[in-house]
Amino acid sequence: VGYSVGLVGLISVKVLAPGFYARQDIRTPVKIALCTLVATQVMNLLFIGPLQHAGLALSIGLASLGNAFFLSRGLRSRGVYRPGAGWLVFVLKLCLGLLVLSAVLLWFMGSADWWLTATATARLARLAGVVVAGAVAYFVVLWLCGFRISDFRRRSEI
């Protein structure tokens, strides 16, 4: 769960850092990474007591979000990246879909005790049901928000 907090950040860093490298700017991502390393260590000290090993994962997740934020801010301030009109609404709709997806997964998952005592076949069947329920809920919410498959096709800017 601690790592999941920063999953978007970890992925975003892999997308954003090459934006600097393509412009022959290696120093900026390295500086940001060093600041992220220091922030991770500070958070480790703060979180290790109350959260034990989960605090380590949480600090990495939160620091990766910070890393992605500062990389994104750097690209935007240099004019390298300019989000198109409507991106905020697009992201908010996706977040709503993810929130519903999370709620459905938590609801259908049930108790950990069941997963530890059930047979392998029962666990597999339930897992398949949980995955299908989550996927259906996510795509229904996106559809209700007005998303259509054509929205995900790449558009030419010419």
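Located above this text is the structure these notes cover.
Residues numbered from 1 in each chain as written. Predicted model: local features only at pLDDT ≥ 70, side-chain atom pairs only at ≥ 80, totals over all residues. Heavy atoms only, no water.

A. Spotlight on unusual backbone geometry. The phi dihedral of Gln24 falls on the positive side, at around 65°, and the residue is not glycine. On the secondary structure map, Gln24 appears in the loop between helix 2 (7-21) and helix 3 (27-51). You will see that Gln52, though not glycine, has its phi angle at about 55°, which is positive. Among the structural elements, Gln52 can be located in the loop between helix 3 and helix 4 (53-77). Its relative accessible area of 52% is what places Gln52 among the exposed residues. (Helix = DSSP H or I, 4+ residues; strand = E, 2+ residues; numbered from the N terminus. Buried < 20%, exposed > 50% of the residue type's maximum accessible area, 1.4 Å probe, protein only.)

B. Expanded view of the packing of aromatic side chains. Evaluated as defined, the whole model comprises 5 aromatic pairs. On the numbers, 5.1 Å between centres and 75° between planes, the contact of Phe69 with Phe70 is edge-to-face. Ring geometry for Tyr138 and Phe139: centres 5.1 Å apart, planes at 75°, overall edge-to-face. In textbook terms, an aromatic cluster arises when at least three aromatic residues are bridged by ring pairs, as seen for Trp87, Phe90 and Phe147. Positioned above the aromatic ring of Trp114 is the side chain of Arg126, whose terminal nitrogen or guanidinium carbon lies 4.4 Å from the ring centre. (Phe/Tyr/Trp six-rings, centres within 6.5 Å; stacked < 30°, edge-to-face > 60°. Lys NZ or Arg CZ within 6 Å of the ring centre and 35° of its normal.)

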